[in-house]
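The lines below spell out each chain.
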Amino acid sequence: MAALTLQRYTARHKKTAYRGFVSLDVYDVTLSDGERVVETVREVHDHGHGSAILPYDAARCTCLLVRQMRMPVHVVEGDGHIIEAAAGLIDPEDNGPEDTAVREAGEELGHRVHNPERVATVYPIPGLVTEQINCYLASYSPSDRIEGGGEADEDEVLEVIEWPLSRAWQAVETGEIRDAKTLILLQALKLRRGDLF
């Protein structure tokens with residue numbers, strides 16, 4: 001059957017299949033190209049929106065990343081450790097996505113950051129997940145270390161990594177960094193400040 005050239009669709013919430021930290025909702029969807037009509041079902045995963053941040057030190061040409069265990073990566077690869085930019089969900093007490101990014105830098109990376117600069121707001125998995133991730137670059141220096149920051153919560157396994165930007169870019173080129181938000185942020189920084197690499 002040939003694919004529809006979509007002109008119209010309607011969606012109706014059918015049921016909530018699961019509600020916990022995430023919710024999984026099921027929708028009945030009708031697709032039409034004006035000649036044919038197709039009825040289908042779509043599942044939508046919702047857990048809120050988040051922010052990600054890549055702090056960099058222009059004087060030393062370094063950046064801060066985190067290596068942490070992610071269960072979906074473990075399911076696919078057998079080793080759940082992945083290198084990422086610091087990120088987290090927007091909490092109700094945050095004043096918006098920029099505050100979330102700055103807070104996550106302190107909590108996950110143990111550093112205060114300065115001059116957050118918005119890069120983009122992206123849908124990492126638009127076919128299934130409602131989440132938007134707000135991506136930021138920011139500056140930091142060794143003197144911005146926060147005492148007690150950068151330590152894992154009791155349900156996390158993480159390691160803070162400070163890499164030269166040249167090493168981070170090498171990790172992009174070799175596929176060592178596979179996290180989409182981190183790729184976006186490193187590519188944005190390379191476009192804006194290629195001299196640091």
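What counts and how
Residues numbered from 1 in each chain as written. Predicted model: local features only at pLDDT ≥ 70, side-chain atom pairs only at ≥ 80, totals over all residues. Heavy atoms only, no water. 1 Å grid on protein atoms, 1.4 Å probe; cavity = no way out; pocket = protein on both sides within 12 Å on 5 of 7 lines; lining within 4 Å. Points joined across faces, edges and corners; volume = space filled by probe spheres on them. Helix = DSSP H or I, 4+ residues; strand = E, 2+ residues; numbered from the N terminus. Nonpolar A, V, L, I, M, F, W, Y, C, P; charged D, E, K, R; others polar. Phe/Tyr/Trp six-rings, centres within 6.5 Å; stacked < 30°, edge-to-face > 60°. Lys NZ or Arg CZ within 6 Å of the ring centre and 35° of its normal. Salt bridge = Lys/Arg side-chain N within 4 Å of Asp/Glu carboxyl O. Buried < 20%, exposed > 50% of the residue type's maximum accessible area, 1.4 Å probe, protein only.

Considering only enclosed or pocket space, the largest pocket measures out at about 1,500 Å³ in volume. If you go around the largest pocket, you meet 41 residues; those closest to its centre are His47, Arg70, Glu84, Glu131 and Lys181. If you list the elements that add at least two residues to the lining of the largest pocket, you get strand S4 (50–57), strand S5 (62–69), helix H1 (71–77), strand S6 (81–84), strand S7 (86–89), helix H2 (97–109) and helix H4 (180–192). Here the lining of the largest pocket is built from residues that sort into 19 nonpolar, 6 polar and 16 charged. In the lining of the second largest pocket, the residues fall into 9 nonpolar, 2 polar and 2 charged.

Turning to the environment of Glu107, a few remarks are in order. Here Glu107 shows up in helix H2. Residues Glu107 and Ala87, spaced 20 residues apart in sequence, show a C-alpha to C-alpha distance of 9.8 Å.

Time to look at the packing of aromatic side chains. All told, the structure shown has 1 aromatic pair when counted by the stated rule. Here the basic side chain of Arg167 rests over the ring of Trp163, its NZ or CZ set 4.1 Å away from the ring centre. Of note, Lys190 hangs over the ring of Trp169, and the distance from its end group to the ring centre comes to 5.1 Å.

The final tally for this structure, using the stated rule, is 17 salt bridges. Between Asp91 and Arg103 there is a salt bridge; the shortest N-O distance is 3.3 Å. Taken as a pair, Asp91 in the loop between S7 and H2 and Arg103 in helix H2 lie far apart in primary sequence, 12 residues in all. Arg103 serves as the salt-bridge partner of Asp94, at 2.8 Å between the closest nitrogen and oxygen. In this pair, the class of Asp94 matches that of Arg103, namely buried.

Function-wise, these values are silent; they only describe arrangement.
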